[in-house]
Amino acid sequence: MPSASPSTSSGRPTDLVSRLSSSDRGVRLRALREVKNQIIGNRTKKLAYIKLGAVPAVAAVLADASDGPGPDETCNLLVQSAVALGSFACGVDAGVQAVVDAGALPQLRRLLSSPDEKVVDSGARSLKLIYQSKLAPKYDFLDHENLQFLLSLLNSKNENVTGLGASIITHSCQTSAEQRALYETGVVQKLVDLIGGSVSQRDASLESLTAIIKNNYEVTSKILEFENGRALNLINKFIIDKSPRTRLLACACLIAVRKTSSRYVEDMGLGLKLIHHLLELLEDPGQVGDEASFALSTLIEEKEDLQKLALEANAINKLCIHLQNGLSCPKRFQGILLALANICSKLEICRSKLLALQAFNLVSDALRHDCTDVRVAACICLRSLSRSVKNLSAGYFVNETVIIPLLQLLHDPSIAVQLAALGAISNIVVDFTKHNSNFIHCGGVKQLVELSMAMDPVVRSNSLWALKNLTFLADSKCKEVVLSELTASSLATLIHDPESVVQEQALALVRNLVDGCVDSIDYVFAENGVILDAMGRQLQCASKAEIGIQGMYALSNVASGSKVHKDAVMEQLFQHGGMNAQPFIMRFLHSNDNHLRTASVWVLLNLTTFCPGAAGRLQRLRNAGIISQLKSMVNDPCLDVKLRVRTTLGQCMNYGDSTI
Amino acid sequence: MAQVTFLVKLIMRGSSKKVITKEDWEKKLNDVKIRKEDMNKLVMNFLVTEGYVDAAEKFRMESGTEPDIDLATITDRMAVKKAVQCGNVEDAIEKVNDLNPEILDTNPQLFFHLQQQRLIELIRNGKVEEALEFAQEELAPRGEENQSFLEELERTVALLAFEDVSNCPVGELLDMSQRLKTASEVNAAILTSQSHEKDPKLPSLLKMLVWAQNQLDEKAVYPRINDLSTAKLEDPSIS
């Protein structure tokens, strides 16, 4: 295709980039301006120029210009190169990386001390844009010099420079030590003063105050007491400001305060007010509206009372209307799904409300969305909705429109998506009304088994979790499918996984597999009892109580079976760890963990029920000192333990243990 | 201003419908004290926001009212606005970038509208080939990023399909009003970037006056202002 003459005087990008390194300063300046005007606002052009190596070239112009002749021309070169670097970093991760890699940060920082106001402006603006990205290097507030430099920024008369100071705080302040250091240097005082400044200063300081307050009780209480609550009064004033951005930032700041300080936790009036403001901000068509739902999520997560208030404020309706109208912005879509997930995470009335609005299909459709974050949010929302016996029993989740896309997400290239999908699957496979066959029919078990061999330990653990839930009170057909797909030897390997979270879930899966009818106990005897043996060996060396609990309940289920089963459990109790080692059950009976003691006593209770061979087993337990240990536990502080111990000892009396 | 303050007070009181004579009304109006400085600020706010830099300068000297913005920035802003109004969009973009590079980098919608205006100007000047190339190179990627941009782009490119644009359904894109629309969008964005409100306060005050009068009509018969340009109090007509 013949190319038409270019619409600008510029020429091609490659020529322009080479002209950036021209020895003629005039040529360099014109090329710089041209590149700058092409890339501002234009993501495609930015990426194209970054590929051509324009960023190091521009950084070199910036570095050279500092010691060139002619103040006007020098200033212009400094300004144009700083602006170009800032634009490369604006909204493009690769650009931020390239600017940082080109070593431009110290150069830009030097511009801040220029006598020329325009140079200072451009340096400060560019640095601010860089610090708005997660990829910018972390600023070390614990370094004294850095802290002083930051203060000098905040004290500046130049609005762009104070804005930069606030952006650095928002970007880098994370730990409580950093928050304290900033507070102690007087940064908070400065920020509170800036709230009274221009719109951009006010917004920047509200955002950085939030970063300083977040999860830091000590600093938050000091800020609340600051000048008789001046800071808080100011922030409160801005939740009804004219600018939606300011309102959102003020809300976010108050949410951080509310989550940190107990003084405000009880204040339901504030909670309701914030919910109303955020729902109103949700209607903003721009970025503010996109972010409002995230703030709402932060406010109500894990807070049942606020979730109820949100329901009463018609939040579910409002969020669902957005879903129904279709959302072109992925960020907004994600935010709304997460907000719905949070509202529905605890209360059945909220879930019913969402389902009544016919929004279920909109959520499940989002499982197929192009954007990773939206798919994750849809999974999280489904998980919240499926935390309900009522909804599970109604079989909403086990039809093909939900299961098939969910199972496809298990192959997603993103681990975050895989984990979110596993989270949803774990809930929906819990079988209350035998809907499970559909899940198995769709190949669900096969895929979960595949993921149980994944590289990522959390993926392994969560897929075992899903299998565990699938086999919870399941019929033998379902269990057989799981075991034949997984195989006994693989399950034994998983019991010995290097990661304790995986070990725990593998043992929990065994526990559910052998629960129920006596026949199912035989599963642990498959392949020469490889599973049972793995359990015994794992329990002998288990360090975490959680592993012991799952393992002992699994053993106790096996011990509830026939004589053969009980004898096999006895073997496991005594055969590991050599002659002189203490049996693991003794260690568990001494544990501080109530559940672990309970599970261990259950094993003994099942081993000593009236049944052939009981006397022999009792003798062996007595010889190992286990019965006398039990006797010392008749007044165990845990009621469960106390009750089972007494039942067990009562059973032992049947075999003539007169010492009881 | 006195009228508005007074009206709002009356509405709040919620009195039953009664007749207020012009004499009484004026007496009451005289009781409402409005500071001259506030009136001046209102005028200055209007001049600055609307960009009447010479008038603002004169008014500053005559009334001693300080503008809340550097008057030099008004000149820059007006130059950008004028460039768009004259169809020199590329020039306008360069000027905005010189003024503050963040404006177009953080405002995709405005950037798209300026590029769209550039395309419109190319089409207006009959540069079909160049227009097509520009649409493909510069605008199509924006359309991929945003569905509503894509729709606007399609509407704009449709201009090329008609021989006689005066008779085409998207012909209004070539109207002067389209340039004015784009120019005012740029103007507003520059004002916002300068921490200044994008609309002057005076028109909202007049809107409030109209609203307040409408509210009061239900409760009282009083000397209304019907002609906003003269602010003449009409005699209450008793029917």
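Treat the numbers as computed from the prediction; the structure is a model and nothing was measured.

(A) Molecular detail of the interface of chain A and chain B. Taken together, the contacts link 29 residues of chain A with 24 residues of chain B. The interface formed by chain A and chain B contains 8 salt bridges. Residues Asp98(B) and Arg33(A) are paired through a salt bridge, measuring 3.1 Å at the closest nitrogen-oxygen approach. Inspection of the region where chain A meets chain B yields 16 residue pairs in polar contact (both at pLDDT 80 or more).

(B) Layout of the pattern of salt bridges. Under the definition given, this model contains 42 salt bridges over all chains. Salt-bridge contacts for Glu302(A) lead to Lys346(A); the nearest nitrogen and oxygen are separated by 3.5 Å. Pair noted here: Glu302(A) is in the loop between helix H19 (287-300) and helix H20 (304-312) and Lys346(A) is in the loop between helix H22 (330-343) and helix H23 (348-356), with a separation of 44 residues, a long-range link. Across the salt bridge formed by Glu90(B) and Arg118(B), the nearest N and O atoms sit 3.7 Å from each other. Of this pair, Glu90(B) sits in helix H6 (residues 89-99) while Arg118(B) is found in helix H8 (residues 108-124), placing the two residues 28 residues apart along the sequence. When salt bridges with common partners are traced through the structure, they connect Arg33(A), Lys36(A), Glu94(B) and Asp98(B) into a single cluster.

(C) Focus on the UniProt feature "domain: CTLH" (unreviewed entry) in chain B. Per the UniProt entry, the sites bearing "domain: CTLH" (unreviewed entry) are residues 73-130 of chain B in this numbering. Helix makes up 83% of residues 73-130 of chain B and strand makes up 0%, while its end C-alpha atoms are separated by 34 Å.

(D) Structural detail: the packing of helix H37 (residues 563-575) of chain A against helix H39 (residues 594-607) of chain A. All names here are of chain A. Look at H37 against H39: their axes get within 10 Å of each other, and the N-to-C directions meet at 135°. On the basis of the axis angle, H37 is oblique to H39. Relative to H39, the crossing made by H37 is left-handed. Mapping the contact onto sequence places Lys 566, Val 569, Met 570 and Leu 573 in H37 and Val 603, Asn 606 and Leu 607 in H39.

(E) View of the packing of aromatic side chains. Taken as a whole and assessed by the stated rule, the structure comprises 6 aromatic pairs over all chains. Geometrically, the ring pair formed by Phe46(B) and Tyr52(B) is tilted, given 6.4 Å between the ring centres and 35° between the ring planes. For Tyr52(B), a relative accessible area of 44% gives the class partly exposed. Arranged with centres 4.5 Å apart and planes meeting at 0°, the rings of Phe112(B) and Phe149(B) form a pair that is stacked. In this pair, Phe112(B) is assigned in helix H8 and Phe149(B) in helix H10 (residues 147-157), connecting sequence segments 37 residues apart. Each member of the pair, Phe112(B) as well as Phe149(B), is classed as buried. In this arrangement the basic side chain of Arg109(A) is found over the ring face of Phe149(A), its NZ or CZ atom lying 3.9 Å from the centre. The ring centre of Trp465(A) lies 4.4 Å from the NZ or CZ of Lys468(A), which sits over that ring.

Definitions and cut-offs
Residues numbered from 1 in each chain as written. Chains lettered and ligands numbered in written order. Predicted model: local features only at pLDDT ≥ 70, side-chain atom pairs only at ≥ 80, totals over all residues. Heavy atoms only, no water. Contact = heavy atoms within 4.5 Å. Salt bridge = Lys/Arg side-chain N within 4 Å of Asp/Glu carboxyl O. Polar contact = N/O pair within 3.5 Å; in protein donor to acceptor, adjacent residues only side chain to side chain. Helix = DSSP H or I, 4+ residues; strand = E, 2+ residues; numbered from the N terminus. UniProt positions renumbered as here; feature names shortened; annotations may be inferred. Axes fitted to C-alpha atoms, helices over the stretch in contact; angles between N-to-C directions. Parallel < 35°, antiparallel > 145°, perpendicular 65-115°, else oblique. Left-handed = near helix turned anticlockwise from the far one by under 90°. Phe/Tyr/Trp six-rings, centres within 6.5 Å; stacked < 30°, edge-to-face > 60°. Buried < 20%, exposed > 50% of the residue type's maximum accessible area, 1.4 Å probe, protein only. Lys NZ or Arg CZ within 6 Å of the ring centre and 35° of its normal.

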